[in-house]
Amino acid sequence: MAALSVLAVAVATGKVSYVYLSGGRLQDWGIGLKVTKSSNDLVGFVQELINELKPDVVVTEKCGKGCRKGDWARAHIRSIAALASHNPVLDVSVQRPRGFPSKYDEAHALAKAYPGIEGYLPKHRRRIFDFEPRSMVLFEALALADAVIKGPPMRLATAMG
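Below, the structure is looked at part by part. Note that the coordinates shown come from a computational prediction; the quantities given were computed from them, not determined experimentally. (Residues numbered from 1 in each chain as written. Predicted model: local features only at pLDDT ≥ 70, side-chain atom pairs only at ≥ 80, totals over all residues. Heavy atoms only, no water.)

## Concerning the pairing of strand β5 (residues 90-94)
Link 1 in the chain: Side chains Leu90, Val92 and Val94 of β5 all project onto a buried face; the interleaved residues Asp91 and Ser93 project onto a face where none is buried.
Link 2 in the chain: In this structure, strand β4 (residues 57-61) lies alongside β5, joined through 5 bridges in parallel fashion. Across the sheet, residue Val57 finds its bridge partner in β5, namely Leu90.
Link 3 in the chain: A crossover connection joins β4 to the parallel β5 through helix α2 (residues 71-85); in handedness this β-α-β unit is right-handed. (Buried < 20%, exposed > 50% of the residue type's maximum accessible area, 1.4 Å probe, protein only. Helix = DSSP H or I, 4+ residues; strand = E, 2+ residues; numbered from the N terminus. Pairing = 2+ DSSP bridges. Right-handed = clockwise from strand over helix to strand, strands pointing away.)

Structural data, given as structure tokens:
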């Protein structure tokens, strides 16, 4: 069986990021700021990614009980999931993994597992009054993709029905 290709999309206030993994290897990634101005812009951006990359699976964050996203981000995540369900891909929503004490520890662990992305690591942890570094949303997307690839096979089987 061929290895799955996974496109994971993460949304944070004012920004969106994606990672594309094929065969368990990081192939493409990016952060967009202008595409978050409206749901239509964001959906168009994700549709272009689906058309270009042709993933087997599109992963978004599950906006359930443990989700810490605001209403704006939740609405955008729902629109991406709806778009994915109208494409010939497997649409998977996963709970945001929280296996590390902080996002920064998680980002460092992901950068070790996927060395191509280590240049996006923040130089230092943010202080309580600082804005979160723009690149952190990229590690959110990578964490979602990693959760699907390395997670239990039941997650994909459940999504397949």
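## Some words on the environment of Val9
Link 1 in the chain: Within the secondary structure, Val9 sits in strand β1 (residues 5-12).
Link 2 in the chain: C-alpha of Val9 to C-alpha of Gly30: the two residues are 21 residues apart in sequence and 9.8 Å apart in space.
Link 3 in the chain: Among residues more than four places away in sequence, those in contact with Val9 are Val16, Ser17, Tyr18, Val46, Val59, Thr60, Ile80 and Leu144. (Contact = heavy atoms within 4.5 Å.)

## Concerning the packing of helix α3 (residues 103-113) against helix α4 (residues 136-150)
Link 1 in the chain: At a minimum axis separation of 10 Å, α3 and α4 run at an interaxial angle of 60°. For α3 against α4, the interelement crossing comes out left-handed. Facing α3, whose interface residues are Lys103, Tyr104, Glu106, Ala107, Leu110, Ala111 and Ala113, α4 presents Met136, Phe139, Glu140, Leu142, Ala143, Asp146 and Lys150. (Axes fitted to C-alpha atoms, helices over the stretch in contact; angles between N-to-C directions. Left-handed = near helix turned anticlockwise from the far one by under 90°.)

## Some words on the packing of helix α1 (residues 39-53) against α2
Link 1 in the chain: One can describe the packing of α1 onto α2 by two numbers: an axis separation of 10 Å at closest approach and a directional angle of 40°. Comparing their axes, α2 and α1 come out oblique. As for how α1 packs across α2, the hand of that crossing is right-handed. Counting all contacts with α1, which are made through Ser39, Leu42, Val43, Val46, Gln47 and Ile50, the residues of α2 involved are His76, Ser79, Ile80 and Leu83. (Parallel < 35°, antiparallel > 145°, perpendicular 65-115°, else oblique.)

## Considerations on the sheet that holds β5
Link 1 in the chain: The strand order β3-β2-β1-β4-β5 describes an open sheet built from 5 strands, whose pairing is mixed. A single partner strand is all that each edge strand has here, and the edge strands are β3 (25-32) and β5. Strand-to-strand, the axes of this sheet are offset by a mean angle of 20°, without reference to chain direction.
Link 2 in the chain: Helix-sheet contacts for α1 involve β1, β2 (15-22), β3 and β4, and the interaxial angle to β2 is about 15°.
Link 3 in the chain: Sheet strands in contact with α2 are β1, β2, β4 and β5, and its direction is about 155° off that of β1.

## Considerations on the nonpolar core
Link 1 in the chain: Among the nonpolar cores identified, the biggest contains 29 residues, and Val19, Val59, Phe139 and Leu142 are the most heavily contacted of them.
Link 2 in the chain: Contributing elements (two or more residues each) for this core: β1, β2, β4, β5, α3 and α4.
Link 3 in the chain: At 10 residues, α4 tops the list of elements feeding residues into this core.
Link 4 in the chain: Setting aside anything within four residues of it in sequence, one finds Leu142 in contact with Val19, Leu21, Leu26, Leu110, Tyr114 and Ile117.
Link 5 in the chain: Residues Val9, Val11, Val16 and Leu49 belong to the second largest nonpolar core, which totals 19 residues. (Core = buried A, V, L, I, M, F, W, Y, C linked by side-chain atoms within 4.5 Å.)

Geometric values such as these leave the question of function open.
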